[in-house]
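Given next are the chains, with one letter for each unit.
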Amino acid sequence: MIKYHMNKKENEIKERRELKEIIRRGKYTILSLCRENEPYILTMNYGYDLEKNSLYFHTSQKGLKIDFIKQNSYVCGTVIEDLGYKMGECDHAYRSVVFWGTLHIIEDLEEKKEGMDVLLHHLEDNPDDFKERLLQDDRVYEKRNMAILRLDIEEMTGKQGE
């Protein structure tokens, strides 16, 4: 991949800790996938594993995104922290992270459970209640046609605007 420099260096977020914090606080990401010369973009909520620097997703075991991932698992995505439009200034305050990495379709049941746990702890106020109601049995991962994806972030950049 060709490396580009940021035109407005003063807007670059360089601290890895700050980039991870933006991802940790986010709830959804926009992912871009490509197979052959066909692009596909989608929005998904996620769980963030800070230690692994990985995002976890749940989705169906079949469908367009799975077809794309099987052909090309390298993706680009962004998480945006919207700090609001500045009325009368035609400007918007934000912080964002753009990342590149590899998406994996998780096959191992224990890792599926771990990924769902990361996702629920990231998004839900009461993840244990959710798990008790809907994930009481390991078979739910198969019966519900559920796939768990893990995106291992390999590179990321950040930018902010005021």
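Residues numbered from 1 in each chain as written. Predicted model: local features only at pLDDT ≥ 70, side-chain atom pairs only at ≥ 80, totals over all residues. Heavy atoms only, no water.

### What to know about unusual backbone geometry
Negative phi characterises most residues that are not glycine, and trans characterises most peptide bonds. Not every positive phi belongs to a glycine, and Glu-36 is a case in point at roughly 50°. Secondary-structure assignment places Glu-36 in the loop between strand E2 (28-35) and strand E3 (38-45). Looking at Glu-36, the relative accessible area reads 75%, which means it is exposed. A positive phi angle is found at Asn-53, which is not glycine, with a value near 55°. Taking relative accessible area as the criterion, Asn-53 reaches 5% and is therefore assigned buried. (Helix = DSSP H or I, 4+ residues; strand = E, 2+ residues; numbered from the N terminus. Buried < 20%, exposed > 50% of the residue type's maximum accessible area, 1.4 Å probe, protein only.)

### Here we look at helix H3 (residues 109-123)
For H3, with 15 residues, the first-to-last C-alpha span of 21 Å sits near the 21 Å given by 1.5 Å per residue. At the N-terminal boundary of H3, the capping side chain belongs to Asp-108, with an oxygen 3.2 Å from the backbone nitrogen of Glu-110. (Expected span 1.5 Å × (residues − 1). Polar contact = N/O pair within 3.5 Å; in protein donor to acceptor, adjacent residues only side chain to side chain.)

### Remarks on the nonpolar core
Core analysis: the biggest nonpolar cluster contains 24 residues, and Ile-23, Leu-31, Leu-55, Phe-57, Phe-99, Leu-151 and Ile-153 have the highest contact counts within it. With four residues, strand E8 (residues 146-161) is the single largest residue contributor to this core. The residues contacting Ile-153, other than those within four sequence positions of it, are Ile-23, Tyr-48, Asn-53, Leu-55, Phe-99, Trp-100 and Gly-101. Counting residues in hydrophobic clusters, the runner-up holds nine residues, among them Tyr-56, Met-116, Val-118 and Ile-148. (Core = buried A, V, L, I, M, F, W, Y, C linked by side-chain atoms within 4.5 Å. Contact = heavy atoms within 4.5 Å.)

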